[in-house]
Each structure stands twice: as C-alpha cells, then as structure tokens.
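Residue-level structural notes
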Amino acid sequence: MNEKRVRTVDEIIFEQADPQVVLAKGSVYAVEAVLEKGVVLRTEQGERFMIDLNTFELGFEAAL
C-alpha cells in the first residue's frame, strides 16, 4: 500500500509550542495515523507532528 502524503497550502504556526514550531508553506509530510482528535504527520527526517482535524482540512492538500 502506498504511503499517503500531504503538502501545506500555507504556513502553519504552532503558537503555543515553546519554542514556536512553523510548518513552511509547500512542505510535504507522510500521514502516519488518523486519530479521533487529529492526524499524525511525519517528516522525511522522522520528526512527528499531531495536527487537529480542522487545521488539517484547511491547511493541507494531497501531494504526489
């Protein structure tokens, strides 16, 4: 089965993170898991982020 990948359509900022985390516009992530409260994304370097469903729907598009 192919890994699902998504791309940010705009810059996403985790304002409450310390230090602040920014996902740059056009960055591509693998979808690692879809959970009840959000989506777990993974970078090529193995870093993981959990995005709430609303932010995911508004801030990402399918990537080839």
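Residues numbered from 1 in each chain as written. Predicted model: local features only at pLDDT ≥ 70, side-chain atom pairs only at ≥ 80, totals over all residues. Heavy atoms only, no water.

**Looking at the pattern of salt bridges**
This structure, assessed with the given rule, holds six salt bridges. We note a salt bridge from Glu-3 to Arg-5, for which the minimum N-O separation is 3.3 Å. According to the relative accessible area criterion, Glu-3 is partly exposed, its value standing at 42%. A salt bridge links Glu-61 to Arg-7; the nearest nitrogen and oxygen atoms lie 3.5 Å apart. Here the residue Glu-61 occupies a position in strand 7 (residues 60–62), and Arg-7 occupies one in strand 1 (residues 5–8), the gap between them amounting to 54 residues. Classification of Glu-61 as partly exposed rests on a relative accessible area of 37%. Through salt bridges with shared partners, a single network forms among Glu-3, Arg-5, Glu-32, Arg-42, Glu-44 and Arg-48. (Salt bridge = Lys/Arg side-chain N within 4 Å of Asp/Glu carboxyl O. Buried < 20%, exposed > 50% of the residue type's maximum accessible area, 1.4 Å probe, protein only. Helix = DSSP H or I, 4+ residues; strand = E, 2+ residues; numbered from the N terminus.)

**Description of unusual backbone geometry**
In terms of backbone geometry, most residues other than glycine have negative phi values and most peptide bonds are trans. In the segment running from Asp-18 into Pro-19, the intervening peptide bond is cis, with an omega of 5°. As for its position among the elements, Pro-19 is in the loop between strand 2 (12–14) and strand 3 (21–23).

**Brief notes about the packing of aromatic side chains**
Tallying each qualifying case throughout the model produces four aromatic pairs. Here the aromatic rings of Phe-14 and Phe-49 are separated by 6.1 Å at their centres, their planes lie at 25°, and the arrangement is stacked. One end of the pair, Phe-14, is in strand 2; the other, Phe-49, is in strand 6 (residues 48–52), and 35 residues separate them in sequence. Both rings, one in Phe-56 and one in Phe-60, keep their centres 5.3 Å apart while their planes meet at 25°; by these two values the pair is stacked. Each member of the pair, Phe-56 as well as Phe-60, is classed as buried. (Phe/Tyr/Trp six-rings, centres within 6.5 Å; stacked < 30°, edge-to-face > 60°.)

**Some details on the side chain of Thr-8**
Relative to the assigned elements, Thr-8 resides in strand 1. Using a relative accessible area of 2% as the deciding quantity, one classes Thr-8 as buried. Reaching out from Thr-8, the side chain makes a polar contact with the backbone oxygen of Ala-24 at a distance of 2.6 Å. (Polar contact = N/O pair within 3.5 Å; in protein donor to acceptor, adjacent residues only side chain to side chain.)

**Focus: the side chain of Thr-43**
Summarising the element assignment, Thr-43 is placed in the loop between strand 5 (38–42) and strand 6. Given the relative accessible area of 12%, Thr-43 is considered buried. Ignoring sequence-local partners within four residues, the contact set of Thr-43 consists of Tyr-29 and Phe-49. (Contact = heavy atoms within 4.5 Å.)

Note that every value here comes from positions in space, so none of it alone points to a role or purpose.
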